[in-house]
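# A structural walkthrough
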Amino acid sequence: MRTVLLVALALLAGPALATPPAPPSVWLERQQTAAADEANAAAAKAVKPKEHCRVVKEWKAGETVVQHRICDDPPKKPAGKV
């Protein structure tokens, strides 16, 4: 009985040990897309135009300091966004 159990266990474990499973292509696509998104986000942070704003009014709401700012030039939409 022990021999039959060992043979059955060896037959079940054989294919699993022979070839490592390859990751599915969908998983690879997600990894590549995530890397591209991180690169795009890093590039977008690097090129951020400076806004010319001045504080008109400042008050405290609880623990938070609130500012009313007026900007000379409104912020522009990012080139990649619709």
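Here, residues in each chain are numbered from 1, in the same order as that chain's written sequence. pLDDT decides what is reported in this predicted model: residues at 70 or higher carry local features, side-chain atom pairs at 80 or more are listed and counted, and totals for whole chains, interfaces and linings draw on all residues regardless. Remark: hydrogens and water are excluded; side-chain values derive from all non-hydrogen atoms of the structure.

## Digging into the overall build of the chain
For clarity, the cut-off: Numbering goes from the N terminus for both helices and strands, where a helix is a DSSP run of H or I of at least four residues and a strand is a run of E of at least two. Throughout, exposure labels follow a simple rule: accessible area from a 1.4 Å probe, protein chains only, divided by the maximum for the residue type, with under 20% read as buried, over 50% as exposed, and the rest as partly exposed. Working definition of accessibility: Shrake-Rupley area with a 1.4 Å probe, residue cover restricted to the visible protein chains.
The number of helices and strands found in the chain is two helices and two strands. The helix and strand sequence of the chain, counted from the amino end, reads α-α-β-β. Per-residue burial over the chain gives 0% buried out of 82 residues. Total accessible area on the chain is roughly 8,100 Å²; 63% of this is exposed by carbon and sulfur atoms.

## A closer look at the pairing of strand E1 (residues 53-61)
Applied cut-off: The pairing criterion is simple: DSSP has to find at least two bridges between the two strands.
Bridge count for E1 against strand E2 (residues 64-71) is eight bridges, and the pairing is antiparallel. Looking across to E2, one finds that valine 55 is bridged to arginine 69. Here E1 folds back onto E2 in antiparallel fashion, the turn holding two residues, of which glycine 62 has a positive phi close to 70°.

## Section: the confidence of the model for the chain
A low pLDDT means the predicted coordinates there should not be read in detail. Rules: Residue-level confidence of the predictor is summarised by pLDDT, bounded by 0 at the bottom and 100 at the top.
Here the chain averages 75 in pLDDT, and 74% of its residues register 70 or above. Element-level pLDDT for the chain is lowest in helix H1 (residues 2-18), with a mean of 73, against a maximum mean of 89 in E1.

## Focus on the environment of lysine 76
Locating lysine 76 in the fold gives a position in the segment after E2. Taking relative accessible area as the criterion, lysine 76 reaches 71% and is therefore assigned exposed. C-alpha of lysine 76 to C-alpha of glutamate 51: the two residues are 25 residues apart in sequence and 9.9 Å apart in space.

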